[in-house]
Amino acid sequence: MTQALTLDGTRIHDIPSFYDEINRVFMVGVGWTLGPSLDALDDMLYGGYGVLDGDAPATLVWTDFEANREALGVETTRQYLLGKLAQPERFNSAHFQRALDALEAGAGQTYFDIVLEIIGAHPNITLLPR
């Protein structure tokens, strides 16, 4: 049976609030939460902890979808990338500079685009934007 989950987009205004909502929906019954990490989001969607059970099917309804596209859009992504570039000892500066350059040129992915790509890489999860 397909599990139905709903992300309440009215709760999402930036990257931290996106992860707050991810934790509210997906991490029920787990004694810890995901930090703001795209890799952690991808890992969590594979299942094995939280509400997902491995590759069991799930439908993810995402409300206020278009408002969240804006909230996690170009400006949020720019700040995210600049934050990574400010920590060259922790992150691959060349990678994040290329991403920033592409974003500034209008050809790069936004944080929202990356999240959608991650969700799309999990064929057991059906995304229903609302």
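Residues numbered from 1 in each chain as written. Predicted model: local features only at pLDDT ≥ 70, side-chain atom pairs only at ≥ 80, totals over all residues. Heavy atoms only, no water.

Looking at an unreviewed UniProt entry, one finds the protein chain named Barstar family protein, with Luteimonas soli as its source organism. We quote the UniProt Sequence similarities (unreviewed entry) comment for the protein chain here in full: "Belongs to the barstar family." (UniProt positions renumbered as here; feature names shortened; annotations may be inferred.)

Draft legend 1. Highlighting the overall build of the protein chain. A tally of regular secondary structure across the protein chain gives 6 helices and 3 strands. The C-alpha atoms of the protein chain give a radius of gyration of 15 Å, which matches the 14 Å a tight globule of 130 residues would have. For the protein chain, with 130 residues in total, the buried portion stands at 40%. In the protein chain, 8 side chains carry a positive charge and 18 a negative one; their mean positions are 2 Å apart. (Helix = DSSP H or I, 4+ residues; strand = E, 2+ residues; numbered from the N terminus. Rg over C-alpha atoms; globule rule 2.2 N^0.38 Å. Buried < 20%, exposed > 50% of the residue type's maximum accessible area, 1.4 Å probe, protein only. Lys, Arg positive; Asp, Glu negative; His and termini not counted. Charge placed at Lys NZ, Arg CZ, Asp CG, Glu CD.)

Draft legend 2. Structural detail: the side chain of T77. Take T77: it is sitting in helix α4 (residues 74–85). Using a relative accessible area of 2% as the deciding quantity, one classes T77 as buried. Sequence-distant contacts of T77, defined by excluding residues within four places in its chain, comprise L72, L103, Q109, T110 and Y111. (Contact = heavy atoms within 4.5 Å.)

Draft legend 3. Spotlight on the sheet that holds strand β1 (residues 3–7). In space, the 3 strands of this open sheet follow the order β1-β2-β3, with parallel pairing throughout. The open sheet has two edge strands, β1 and β3 (125–129), and neither has a second partner. Averaged over all neighbouring strand pairs, the angle between strand axes comes to 20°, with direction disregarded. Strand direction decides the pairing type here: strand β2 (residues 58–62) and β3, joined by 5 bridges, are parallel. Within β3, the position partnered with A58 by the bridge is I125. (Pairing = 2+ DSSP bridges. Axes fitted to C-alpha atoms, helices over the stretch in contact; angles between N-to-C directions.)

Draft legend 4. Representation of the packing of aromatic side chains in the model. In the structure shown here, the tally under the stated rule is 9 aromatic pairs. Taking the centre distance of 5.0 Å and the plane angle of 80° together, the rings of F18 and Y19 count as edge-to-face. Summarising the aromatic geometry, the rings of F65 and F112 are spaced 5.0 Å apart at their centres and angled 65° between planes, so their arrangement reads as edge-to-face. With F65 in helix α3 (residues 65–71) and F112 in helix α6 (residues 111–120), this pair connects stretches of sequence that are 47 residues apart. When sorted by exposure, F65 lands in the same class as F112, which is buried. Among the aromatic side chains, those forming a connected cluster through ring pairs are F18, Y19, W62, F65 and F112. (Phe/Tyr/Trp six-rings, centres within 6.5 Å; stacked < 30°, edge-to-face > 60°.)

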